[in-house]
Amino acid sequence: MTKYSRQELYPEIGKEGQRKIRQAVIAVVGIGAIGTVAAELLCRAGVKKLVLIDRDMVEESNLQRQVLFEENDIGKAKALAAQEHLQRINADVNVEAHVVDLNFRNIEEIMKEVDIILDGSDNLETRYLINEYSLKYQKPWVYASAIQDKGFVAGFSGKCPCFQCIMNQSQAEGTCDTIGVLNSCTALIGSLQANECLKIILGKETG
């Protein structure tokens, strides 16, 4: 049996679906609670390449929910620490790390080979940036967020209706830093985000 045999046995994937997964290049913007879960699952699923984007360093408070990090990662750049762990999980996958703040000046260069973008960020400015890029190039992306015991996931095709069409533009009343979050919630939302990504790769309906 091959590394991906259990996926190939699933009729909705099969060998042809696994071939599509092995050709996919996925960007994960924000390597935090949701991003680490989604990145690990897609790495284990065998995508061709993961592009990790995060400017932050690992802090002790991250370890409660950011599943790719351990105590000896504290003080390391999240993108680089995640890259190390993912490369140990699956050597088939090319993992590229960018320790930067994604912005309008660098998004074109970073995303040029990417097929699907996963949002693991925690701010609307980054999400609107991803949305604008998605609309410009009709590139699909998957929004995800979690707070306390609530979470949200939505896939966007790169056409209207888009993220800005349906989301409230006001800032959230709180963040994980101010009102907390359950690690079971972020794990669930990250899993659903990875699942939406696989559906897009396989040409299944998403939304």
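Below: a short report on this structure.

Criteria and thresholds
Residues numbered from 1 in each chain as written. Predicted model: local features only at pLDDT ≥ 70, side-chain atom pairs only at ≥ 80, totals over all residues. Heavy atoms only, no water. Helix = DSSP H or I, 4+ residues; strand = E, 2+ residues; numbered from the N terminus. Rg over C-alpha atoms; globule rule 2.2 N^0.38 Å. Contact = heavy atoms within 4.5 Å. Areas by Shrake-Rupley, 256 points an atom, 1.4 Å probe, with all protein chains shown as cover. Lys, Arg positive; Asp, Glu negative; His and termini not counted. Charge placed at Lys NZ, Arg CZ, Asp CG, Glu CD. Phe/Tyr/Trp six-rings, centres within 6.5 Å; stacked < 30°, edge-to-face > 60°. Buried < 20%, exposed > 50% of the residue type's maximum accessible area, 1.4 Å probe, protein only. Patch = residues over 30% accessible without salt bridge, like charges linked within 9 Å, V, L, I, M, F, W, Y side chains within 5 Å. Salt bridge = Lys/Arg side-chain N within 4 Å of Asp/Glu carboxyl O. Pairing = 2+ DSSP bridges. Axes fitted to C-alpha atoms, helices over the stretch in contact; angles between N-to-C directions. Parallel < 35°, antiparallel > 145°, perpendicular 65-115°, else oblique. Nonpolar A, V, L, I, M, F, W, Y, C, P; charged D, E, K, R; others polar.

**A few points about the overall build of the protein chain**
Looking only at helices and strands, the protein chain features nine helices and six strands. Its C-alpha atoms give the protein chain a radius of gyration of 16 Å, within 12% of the compact-globule value 17 Å for 207 residues. Oriented by its inertia axes, the alpha-carbon framework of the protein chain measures out at about 45 × 45 × 35 Å. Considering only contacts within the protein chain whose residues lie at least 6 apart along the sequence, 65% involve residues at least 24 apart. On the protein chain, roughly 10700 Å² of surface is accessible, and the fraction owed to carbon and sulfur atoms is 50%. Computing the positive centroid from 23 side-chain charges and the negative centroid from 28, the protein chain places the two 7 Å apart.

**Examining the packing of aromatic side chains**
Two descriptors summarise a pair of aromatic rings, namely the distance from one centre to the other and the angle between the planes of the rings. Applying the stated criterion across every chain yields a total of six aromatic pairs. An angle of 50 degrees between the planes, with centres 4.8 Å apart, marks the rings of Tyr133 and Tyr137 as tilted. One end of the pair, Tyr133, and the other, Tyr137, are both in helix 6 (residues 124-137), four residues apart, so they sit about a helical turn from each other. On the basis of relative accessibility, which here comes to 5%, the residue Tyr133 falls in the buried class. A network of ring pairs unites the aromatic residues Tyr128, Trp141, Tyr143, Phe156 and Phe163 as a single cluster.

**A short note on a nonpolar patch on the surface**
Side chains of Met57, Leu80 and Val99 sit close together on the surface and give an oily, nonpolar patch of about 230 Å² of accessible area. Looking at the secondary structure, you find Met57 in the loop between strand 2 (49-53) and helix 4 (78-89). The class of Met57 is partly exposed, set by a relative accessible area of 41%.

**Quick word on the pairing of strand 4 (residues 116-119)**
Looking along a regular strand, one sees the side chains alternate between the two faces of the sheet. Here strand 4 shows two buried faces, one formed by Ile116 and Leu118 and the other by Ile117 and Asp119. Pairing of strand 1 (residues 25-29) with strand 4, which is carried by four bridges, proceeds in the parallel orientation. Among the inter-strand pairings, Ala27 is bridged to a residue of strand 4, identified as Ile117. Looking at chain direction, strand 4 and strand 5 (residues 141-147) are connected through two bridges and run parallel.

**Points about the environment of Thr175**
Here Thr175 lies in the loop between helix 7 (163-166) and helix 8 (176-179). In the structure, Thr175 is positioned 126 residues away from Lys49 in sequence and 30 Å away in space, judged by C-alpha atoms. Excluding its chain neighbours within four sequence positions, the residues that come into contact with Thr175 are Ile147 and Gly180.

**Things to note about the sheet that holds strand 5**
The six strands are arranged 3-2-1-4-5-6 in an open sheet whose pairing can be described as mixed. Where the open sheet ends on each side, the last strands, each with one partner, are strand 3 (94-98) and strand 6 (150-156). Taking each pair of neighbouring strands and ignoring which way they run, the sheet shows an average axis angle of 15 degrees. Direction of pairing for strand 5 relative to strand 6: antiparallel, over a ladder of seven bridges. Looking across to strand 6, one finds that Ile147 is bridged to Lys150. Sheet contacts for helix 6: strand 1, strand 4 and strand 5; angle to strand 5, the most-contacted strand, approximately 165 degrees.

**Observations concerning the environment of Leu118**
For Leu118, the position within the fold is in strand 4. The spatial distance from the C-alpha of Leu118 to the C-alpha of Gly30 is 8.6 Å, given a sequence separation of 88 residues. Those residues within four positions of Leu118 in sequence are excluded, and the remaining contacts are Ile26, Ala27, Val28, Val29, Ala38, Leu42, Val142, Gln193 and Cys197.

**Considerations on the packing of helix 2 (residues 14-22) against helix 9 (residues 183-202)**
At a minimum axis separation of 9 Å, helix 2 and helix 9 run at an interaxial angle of 110 degrees. In terms of orientation, helix 2 and helix 9 fall into the roughly perpendicular class. Residue-level contacts link Gly17, Lys20 and Ile21 of helix 2 to Leu198, Ile201 and Leu202 of helix 9. Its residues assigned to classes, the contact of helix 2 with helix 9 comprises four nonpolar, one polar and one charged.

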